[in-house]
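# Report on the structure
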Amino acid sequence: MPKISVIVPVYKVEPYIRRCVDSILNQSFQDFELILVDDGSPDGCGAICEEYAQGSGRIHALHQQNGGLSAARNAGIDWAFANSGSQWLAFVDSDDWIHPEYLQRLYTAVVDTHCRISACGIFHTDGKAFPPEQLLAVQEVSADDYYCSQDIHGGVTAVAWNKLYHKSLFSTLRYPVGKLHEDEFTTYLAVYEAGKVAVVPQRLYAYFQNPEGIMRSDWNPRRMHTLEAVEQQIAFAQRNHNARLLNKAVEQYIYSSYEQLEKIGDIPEHRQYQKVLRKKLRDGLALGRSCGVFPMGWKTMWAYEKAYPFKPLWWLAGRIKSAVKK
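The structure reproduced in this document is the subject of the present report. (Residues numbered from 1 in each chain as written. Predicted model: local features only at pLDDT ≥ 70, side-chain atom pairs only at ≥ 80, totals over all residues. Heavy atoms only, no water.)

## Remarks on helix H7 (residues 225-239)
- With 15 residues, H7 should cover 21 Å at 1.5 Å per step; its first-to-last C-alpha distance of 21 Å lies within 8% of that length.
- Where H7 is concerned, the buried positions are His-225, Thr-226, Leu-227, Ala-229, Val-230, Gln-233, Ile-234, Phe-236 and Ala-237.
- Each element contacted by the buried residues of H7 is listed here: helix H5 (143-148), helix H6 (187-194), helix H8 (243-263) and helix H9 (271-291).
- The positive-phi residue at the C-terminal boundary of H7 is His-241, with phi of around 55°. (Helix = DSSP H or I, 4+ residues; strand = E, 2+ residues; numbered from the N terminus. Expected span 1.5 Å × (residues − 1). Buried < 20%, exposed > 50% of the residue type's maximum accessible area, 1.4 Å probe, protein only. Contact = heavy atoms within 4.5 Å.)

## A few points about the packing of aromatic side chains
- For the coordinates displayed, the defined rule picks out 16 aromatic pairs.
- Centre to centre, the rings of Trp-88 and Tyr-107 are 6.5 Å apart; their planes meet at 90°, and the pair counts as edge-to-face. Note that Trp-88 is positioned in strand S4 (residues 88-91) and Tyr-107 in helix H4 (residues 102-113), a separation of 19 residues in sequence. A single burial state applies to Trp-88 and to Tyr-107, both of which are buried.
- Their ring planes at 65° and their centres at 5.7 Å tell us that Phe-91 and Phe-170 sit as a pair that is edge-to-face. Residue Phe-91 is located in strand S4, and its partner Phe-170 is located in the loop between strand S8 (163-166) and H6; the two are separated by 79 residues in the primary sequence. (Phe/Tyr/Trp six-rings, centres within 6.5 Å; stacked < 30°, edge-to-face > 60°.)

## Brief notes about the environment of Glu-50
- Turning to its location among the elements, Glu-50 is positioned in helix H2 (residues 45-54).
- As a C-alpha pair, Glu-50 and His-63 span 13 residues in sequence and 9.5 Å in three-dimensional space.
- If we skip the residues at most four places from it in the chain, Glu-50 touches Ala-61 and His-63.
- At 2.6 Å, the side chain of Glu-50 forms a polar contact with the side chain of His-63. (Polar contact = N/O pair within 3.5 Å; in protein donor to acceptor, adjacent residues only side chain to side chain.)

## Description of the environment of Phe-170
- On the basis of relative accessible area, Phe-170 is assigned to the buried category, the value being 0%.
- In the structure, Phe-170 is positioned 19 residues away from Leu-189 in sequence and 9.9 Å away in space, judged by C-alpha atoms.
- Once residues within four sequence positions are removed from consideration, Phe-170 is found in contact with Ile-77, Phe-81, Leu-89, Phe-91, Tyr-165, Tyr-175 and Thr-186.

## Regarding the nonpolar core
- In terms of nonpolar packing, the biggest core is built from 56 residues, with Ile-117, Tyr-146, Tyr-165, Phe-170, Tyr-192 and Val-197 touching the most fellow members.
- In terms of residues, this core owes the most to one element, H8, which gives 8 residues.
- For Ile-117, the residues in contact, after removing those within four places along its chain, are Val-110, Lys-163, Leu-164, Tyr-165, Leu-169, Ala-190, Val-191, Ala-194, Lys-196, Val-197 and Ala-198.
- By size, the runner-up hydrophobic cluster in this structure holds 47 residues, among which are Ile-48, Cys-49, Cys-115 and Ile-122. (Core = buried A, V, L, I, M, F, W, Y, C linked by side-chain atoms within 4.5 Å.)

These figures come from the coordinates and say nothing about function on their own.
Here it is in structure tokens:
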């Protein structure tokens, strides 16, 4: 049985999928199986998945009606639990690709450190090849140090990809179907269940931001899913008396509410969402005051103006002055 199940959700990526799959098949570590999940893609992706599966006994092509990224990842996880004796799971998005040493270094890291998660650096690219990098030592860090630090991988720690997970971490954990920012709902739970992470400093995952991808689209109400996810993180931190995660989550909540209010635009059909976001921003600022989080420096004044747009500036100044004193 293969040691690792690599799960690739596939949807409308016909120009990129071969680059992704070939990078996986060209790994120096070969003890893996590849699960391609065609999420009802309307282009030629389904046929490409079948083409790869027919050429290799370790490549499995699954086909389902379109359910979104979470549903596709979940289908791959479910298949791995039902049909494979693999011990580890890895996720690669189908418009991205990975360094030839990706699986080898992530697997060596978990074996050497006895961690149940390893994570590597990310290479943001418009299609260029990986740059040469010096081989640096693996660091074993706590869940807090990994998830809450802005110094590790530029603070991009919540993503599902760029990691190798022990399969047991997903015995009950699944991605929330229908949600945007699905990894914000999920990754922290796996990280804190694991307790520590083996950090591979090298950039071994090529993150390609698809110009047609949803994260490049205009603002829509689904962007507010990230606030729902962070609300769950806040509740988790409070239940577990984790001040560091609480501070990180509150800061993210305030910033995301503020940022979305900046991007939403003064469109009549968005005004109801402006009210919701203002309420969330007020709640975040109130929670921030209670735990001493003022995350945005000079933007704090503007955050108050976004939260209370109809209050005079003297009132805002008084509120901030009072909050700072606390």
